[in-house]
Amino acid sequence: MRSPPSRFQWQFDWKSVLAILLILPILLSLGFWQLRRADQKAALLADFEQRRNLAPVAISGVADYQNYLPVYALGAFDPQRYWLLDNRISHGRFGYEIIAVFTLADGRELLVNRGWIAGDPSRQTLPKPEIPSGPLQISGELYRNTEKAFSLGAEPLTDLWPRRQQWLDLDNLKGEFPVLLPTTLRLSKDSIGALEIERMVVNVTPAKHTGYAVQWFAMAFALGLIFIFRNSNLGELLKRRKSNESQEQ
C-alpha cells in the first residue's frame, strides 16, 4: 500500500483558485479603502479641533471660506425665503433641517443652517419656525459639504417659499442668488435664530473605519487559509503530526 506523502504538496482545485482570484482582491481593496477613510476622518477631526479654538471673525472680512472657521455675521433673516430639508431624523423623531437666507449688512446673501425642527409625521402640514426680525448678529461656523448628495431624481424647481427639498446644492443657486456667498453658516447653539442644534463632525469615527478594515482583512486571511487547505495536503500533515505526538506521549 502506498504511504501518503510526508512533505507539503499542492493539489490545485481550479474552482477555488478562480474564487480566490476574484474575491481576495475585493476584500483587500475594501480593507485599504477603510484605512484611507480612517486617515481622512482623523485629518478632518484634527482640522476641526484646530479651528474651533480660534476667535470668531466677521464674515464680511473672510476671503477663504474654510470649513469650521468660527465667524459672526451682521444682517437680517429673510422672513419668506428658507428651505426645509426633508427626512431629517433626530432621536427617532421626524423633522426638517432649516436653511435660511440671511442678508448681510453689505448686501450679500448667506445661507444659514439654523438646525433641526420637528415635523408633522403625517406630512399634512409644514412647521413654521419663528424667524427673528430686524438687524442682528448671528454666530457659528462655516461649512460646505463637498460630497455629492444622493438623490433618486432632480429636485423640483418652484418659485414658492418655503421650499421643501431633500438636499440643497449651492452651485445650483448661482442664477437665482447672484450675490450668494459660496459657503453656509451653521449656527452655534447659543446664537440668535438657532433651533435644535446637534451636529457631528463625522458620522463614522476613525476607530470604526479601522475596525471595519480589520474585519475585511480578517475575511481575506480566512479566505487565504481555506484556499491553502483546499489546495494542499496541509490538513493531512497536521493531522498526522498531531497523531504522532499523541502516540509518543
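A. A look at the overall build of the protein. Assigned secondary structure in the protein consists of three helices and seven strands. Secondary structure of the protein in N-to-C order comes out as α-β-β-β-β-β-β-β-α-α. Here the protein holds 249 residues, and the buried ones make up 35% of them. Considering only contacts within the protein whose residues lie at least 6 apart along the sequence, 70% involve residues at least 24 apart. Summed over all atoms, the accessible surface of the protein reaches about 16100 Å², with 58% contributed by carbon and sulfur.

B. Fine view of the packing of aromatic side chains. What the rule picks out here adds up to seven aromatic pairs. Ring centres 6.3 Å apart and planes at 85 degrees place the aromatic pair Trp161 and Phe177 in the edge-to-face group. Taken together, the positions of Trp161 in the loop between strand S5 (136-143) and strand S6 (163-165) and Phe177 in the loop between S6 and strand S7 (180-187) put the pair 16 residues apart, joining distant regions of the chain. Put simply, the rings of Trp83, Trp161 and Phe177 touch in pairs and so form one group of aromatic residues. Taking the ring centre of Phe77 as reference, the NZ or CZ of Arg114 above it sits at 5.4 Å. The ring of Tyr143 has Arg186 sitting right over it, with the charged end atom 4.1 Å from the ring centre.

C. Region of interest: helix H1 (residues 14-52). With 39 residues, H1 extends 57 Å from end C-alpha to end C-alpha; this agrees with the ideal 57 Å at 1.5 Å per step. Taking the largest bend as the criterion, H1 deviates by roughly 25 degrees, centred on Ile20. Taken together, the buried positions of H1 are occupied by Ser16, Val17, Ile20, Leu27, Gly31, Gln34, Ala38, Lys41, Phe48 and Arg51. In this structure, the buried side of H1 is in contact with strand S2 (70-90), S5 and helix H2 (206-230).

D. Main features of H2. Helix length check: H2, at 25 residues, gives a terminal C-alpha distance of 36 Å against a target of 36 Å (1.5 Å per residue), a fit within 8%. Inspection of H2 places Pro206, His209, Ala213, Ala220, Leu223, Gly224 and Phe227 among the buried residues, and these make up the whole buried set. If you follow the buried residues of H2, they end up packed against H1.

E. Geometry of the nonpolar core. Of all hydrophobic cores here, the largest spans 24 residues; its most connected members are Ile59, Ala73, Phe102, Leu110, Val112, Ile138 and Leu185. Where this core is concerned, the elements lending two or more residues are S2, strand S3 (93-104), strand S4 (109-118), S5 and S7. Broken down by element, the residue count for this core peaks at six residues, all from S3. Leaving out residues up to four positions away in the same chain, Ala73 has contacts with Ile59, Phe102, Leu104, Leu110, Leu136, Gln137, Ile138 and Leu185. Membership of the second largest hydrophobic core comes to nine residues, among which are Trp83, Leu111, Leu173 and Phe177.

F. Representation of the packing of H1 against H2 within the structure. The contact between H1 and H2 brings their axes to 8 Å, and the two run at 165 degrees. Compared by their axis directions, H1 and H2 come out roughly antiparallel. Classified by chirality, the crossing of H2 by H1 is left-handed. Here the contact of H1 with H2 is built from residues that sort into 21 nonpolar, six polar and three charged.

Reading the values: the criteria
- Residues numbered from 1 in each chain as written.
- Predicted model: local features only at pLDDT ≥ 70, side-chain atom pairs only at ≥ 80, totals over all residues.
- Heavy atoms only, no water.
- Helix = DSSP H or I, 4+ residues; strand = E, 2+ residues; numbered from the N terminus.
- Buried < 20%, exposed > 50% of the residue type's maximum accessible area, 1.4 Å probe, protein only.
- Contact = heavy atoms within 4.5 Å.
- Areas by Shrake-Rupley, 256 points an atom, 1.4 Å probe, with all protein chains shown as cover.
- Phe/Tyr/Trp six-rings, centres within 6.5 Å; stacked < 30°, edge-to-face > 60°.
- Lys NZ or Arg CZ within 6 Å of the ring centre and 35° of its normal.
- Expected span 1.5 Å × (residues − 1).
- Bend = angle between axes of the 7 residues up to and from the residue.
- Core = buried A, V, L, I, M, F, W, Y, C linked by side-chain atoms within 4.5 Å.
- Axes fitted to C-alpha atoms, helices over the stretch in contact; angles between N-to-C directions.
- Parallel < 35°, antiparallel > 145°, perpendicular 65-115°, else oblique.
- Left-handed = near helix turned anticlockwise from the far one by under 90°.
- Nonpolar A, V, L, I, M, F, W, Y, C, P; charged D, E, K, R; others polar.

Any link to function would need more than the numbers given here.
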